[in-house]
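Residues per chain, in single letters:
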Amino acid sequence: MNTIRRLIYREVLAAVLFVAAGFLALFFFFDFVEELPNVGRGVSPYRLTQALLYVTLLLPSHLYELLPIAVLIGTIFVMARLAQSSEYTILRTSGLGPGRALRTLLALGLAFTALTFAAGDYLAPAADKAAQLLRARFQGRISIGQTGAWLKERQQQSTYNVNVSSLAPDGSMQDVRLFQADDRGFLVSITVAPKASFQRGAWLLQGAEITRFQTRSTAPKVERSTTPQVRWATEITQEMVSVALLKPNRMSTLDLFNYIQHLEQNGQTSQRYEIEFWRKVFYPLSCLVMVVLALPFAYLHFRSGGITTYVFGGVLIGISFFLLNNVFGYVGNLRNWWPWLTAAAPGLLYSLLSLAAFSWLVLRR
């Protein structure tokens, strides 16, 4: 059985690597063509080598997104080819029963699951942040939407609404505004700083202008002052500010979890980020769904003709899975479905369908 297992693993790994390399090359070409108009522009000259480096840093994100469908296409190709050449029939007579074949592919699927998790939780967030900072070095700064990033934090008797206009190439914040309100909801102070940097458990605001509103006294008044440096203690981290810059699905699972906790502690809605969190949890497991979807193709009996039709059918199945996954995410966000169920439902549905098809083919034959 070790020989059979090594044979299947070697063939599937080679096919998956080939498909993944083809997809990555295609996306690399598309990203590079899209980046070409920016060459020669910016604060400092944006050279072709920087554009190539920027596009290369996007590859881990593409790998994370494409690995499950590459697993599906590669495994379907191997299973259909073994069935076409009658090699799988020989393997079955050698002791490769349906249950053992399923366990063999699931073990391989677990390896792809671990790879997908590592790419999505470690490689992709770090590479994407490096790509954005590299681009900002030549564009001058990273703009965060039209009005900047807005965050909220409660501290004892005060509530702070924070606005960050953009991020500089060195990771510092530009055009920062802090709106402090008391327990009654009245505005207490406004702090404006052209630049701020992250410290451990605090922000360091440079050249801050502070406007204080005295509303509790019998004679309300406004006080203005300028301070070279202001240290504002906060739990808002650089990763939280980057949420508006990076897509939630490109954040690490831990960063998403911490950001959800921050939103809930400050009375803000977190439905969208909870769905993204559970999708980050379940997305690597889609590799297991893909290998289970591919296994029934080994039990299709055909001797003549190519296997292109079967591979194309598998591709359509994979595309439908990812479309349904996205649709469930949007609908779940609109209808306030349970986040974990919204993220897990497509995988569970397709797993049941593939297991039903596998059982039917085995029992029929």
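Residues numbered from 1 in each chain as written. Predicted model: local features only at pLDDT ≥ 70, side-chain atom pairs only at ≥ 80, totals over all residues. Heavy atoms only, no water.

### Regarding helix α7 (residues 253-265)
What counts here: In DSSP terms, a helix is any run of H or I states spanning at least four residues, a strand is any run of E spanning at least two, and both are numbered starting from the N terminus. Here a helix's expected span is defined as the number of its residues, less one, multiplied by 1.5 Å.
Here α7 is 13 residues long and its end C-alpha atoms lie 18 Å apart, about the 18 Å a rise of 1.5 Å per residue gives. Residue G267 follows α7 closely and has a positive phi angle near 70°.

### Description of the pairing of strand β6 (residues 202-214)
Going by this rule: Being paired, for any two strands, means DSSP has found at least two bridges between them.
Judged from the nine bridges that link them, strand β5 (residues 187-199) and β6 form a sheet pairing that is antiparallel. In the sheet register, S197 faces β6, and the bridge partner there is L204. In textbook terms, the turn of a hairpin is the stretch between consecutive antiparallel strands, and for β5 and β6 this stretch comprises two residues, one of which, G201, has a positive phi near 75°.

### Some details on the confidence of the model for the protein chain
Just so we agree on the cut-off: Values of pLDDT, which run from 0 to 100, indicate the predictor's confidence residue by residue.
For the protein chain, mean pLDDT is 82; residues scoring 70 or higher make up 90% of the total. By mean pLDDT, the top-scoring element of the protein chain is helix α1 (residues 2-35) (90), and the lowest-scoring one is strand β1 (residues 142-143) (64).

### Description of the nonpolar core
Put simply, the rule is: Buried Ala, Val, Leu, Ile, Met, Phe, Trp, Tyr and Cys residues form a nonpolar core when they are joined through side-chain atoms within 4.5 Å. Per-residue accessibility, obtained with a 1.4 Å probe over protein chains only, is compared with the maximum for each type, and a residue is labelled buried under 20%, exposed over 50%, and partly exposed between these values. The criterion used for residue contact is that any of the two residues' heavy atoms lie within 4.5 Å.
V71, M79, Y88, L295 and Y299 are the most contacted members of the largest nonpolar core, which totals 50 residues. The set of elements that each furnish at least two residues to this core consists of α1, α3 (59-84), α4 (87-93), α5 (98-139), α9 (286-294), α10 (308-335) and α11 (339-364). Beyond its immediate sequence surroundings of up to four residues, L295 is in contact with M79, Y88, A101, L102, L105 and F358. Listed in part, the 27 residues of the second largest apolar core include A196, V230, Y273 and F277.

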